[in-house]
Each structure stands twice: as C-alpha cells, then as structure tokens.
Amino acid sequence: MPNMIFVNLPVGDLDAAKAFYSALGFTLNEQFSDERTASFVVSDAIVVMVMAQDRFREFTEQPGVADPRTAREVINAFGVESRDDVDRLIDAGLAAGGTLSGKTEDHGFMYGRGIDDPDGHHLEFVWMDPSAVAGE
C-alpha cells in the first residue's frame, strides 16, 4: 500500500506556479526544488511537484504532454477541514493567478469549489461533514 502521493504537473511558467501553490499555503521543500522543479508539501502524505515542461518530459516516454487548457487530464481534489477553508483556498488561488472553474457544489454535508492553476491544472477543495462521512 503506498504511503505517499506525488502529483507531478508540467508548467509553462515555474515562477507563476510557485507563487500560486505558495499562496495556497503549500510548503516549498527547497531540498527537492531547483531551477526547473518546485516541490510543495501539501500534507504528510501528499507532495505536488511542479516542473518546467522540459523537466516533466524526462519522466515519460510519451511523445507529448497534455495541455490542461484544452483537455482535462486529471482532477486533483483535496479534502479540507471546513467550508471556510474551501473558500479561503479558492480566494488565495484566485489572487495568485488562478481561474475559478466549475460550479460550487453545496449539498449541506459536503461543500466544494474548483480552481484552475495558471497553467490550467484543475484543483478542487472539498469539505465533508465528519458525521456524514462516518455514516452517523
């Protein structure tokens, strides 16, 4: 069973990506960052690696890299502690160059919103009432 998840994203502008993910409160790990890569710690188990496209291509034998502005390659959803955290993260991401994406989902027991980073990678932040998750 895996104990960590590394989300690897190709970016066109590493500085803009660094500003965006820093604004979300993700922690830059300098040890695994360089002029073509930035490593962001999201939690004990999740790391987002944003990489210049030439660096990203070193990790795949596929001839091309998906353009997230024209095709959705993945949706990365992060669970958060509260509805306020959802809104705070979306607002921080918008202020750092992100674009609101999708509809706000409010089902009472679950609340979520989506944002695209400056390169078009889609992130969602979702809060679920712990009693609903536990089936109480």
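Basis of the calculations
- Residues numbered from 1 in each chain as written.
- Predicted model: local features only at pLDDT ≥ 70, side-chain atom pairs only at ≥ 80, totals over all residues.
- Heavy atoms only, no water.
- Salt bridge = Lys/Arg side-chain N within 4 Å of Asp/Glu carboxyl O.
- Helix = DSSP H or I, 4+ residues; strand = E, 2+ residues; numbered from the N terminus.
- Buried < 20%, exposed > 50% of the residue type's maximum accessible area, 1.4 Å probe, protein only.
- UniProt positions renumbered as here; feature names shortened; annotations may be inferred.
- Polar contact = N/O pair within 3.5 Å; in protein donor to acceptor, adjacent residues only side chain to side chain.
- Arc of directions from axis to C-beta.
- Pairing = 2+ DSSP bridges.
- Contact = heavy atoms within 4.5 Å.
- Axes fitted to C-alpha atoms, helices over the stretch in contact; angles between N-to-C directions.

Following the criterion strictly, the structure yields seven salt bridges and no others. We note a salt bridge from Arg-36 to Glu-58, for which the minimum N-O separation is 3.1 Å. Note that Arg-36 is positioned in the loop between strand S2 (27-28) and strand S3 (37-41) and Glu-58 in the loop between helix H2 (53-57) and strand S5 (75-79), a separation of 22 residues in sequence. Among the residues examined, Arg-36 registers a relative accessible area of 24% and is labelled partly exposed. The salt bridge involving Arg-55 is made with Glu-58; its shortest N-O contact spans 2.4 Å. One salt-bridge network, held together by shared partners, links Arg-36, Asp-54, Arg-55 and Glu-58.

The UniProt entry lists residues 3-128 under the feature "domain: VOC" (unreviewed entry), expressed in the numbering used here. Span residues 3-128 is 22% helix and 35% strand, its end C-alpha atoms 23 Å apart.

A word on the environment of His-107. Structurally, His-107 is set in the loop between strand S7 (105-106) and strand S8 (110-116). Under the relative-accessibility criterion, His-107 is labelled partly exposed at 43%. Between the C-alpha atoms of His-107 and Met-128, which are 21 residues apart in sequence, the distance is 9.4 Å. A distance of 3.1 Å separates the side chain of His-107 from the side chain of Glu-105, its partner in a polar contact.

Where helix H1 (residues 14-23) is concerned, the buried positions are Leu-14, Ala-17, Phe-20 and Tyr-21. Each buried residue of H1 sits inside an arc of 125 degrees when the element is viewed along its axis, so together they form one side. The backbone nitrogen of Asp-15 has a side-chain oxygen 3.1 Å away, supplied by the residue at the start of H1, namely Asp-13. Gly-25 occupies a position one or two residues after H1 and carries a positive phi of about 95 degrees.

As a further point, take the sheet that holds strand S4 (residues 46-52). Sheets are built from strands paired through backbone hydrogen bonds, the pairs being either parallel or antiparallel. Spatial ordering of the open sheet is given by S1-S4-S3-S2, a layout of four strands whose pairing is mixed. Of all strands in the sheet, those with a lone pairing partner are strand S1 (5-11) and S2, marking the two edges. Where S2 meets S3, two bridges bridge the pair, whose relative direction is antiparallel. Among the inter-strand pairings, Leu-28 is bridged to a residue of S3, identified as Phe-40. Lying over the sheet, H1 contacts S1, S2, S3 and S4, oriented at roughly 5 degrees with respect to S3.

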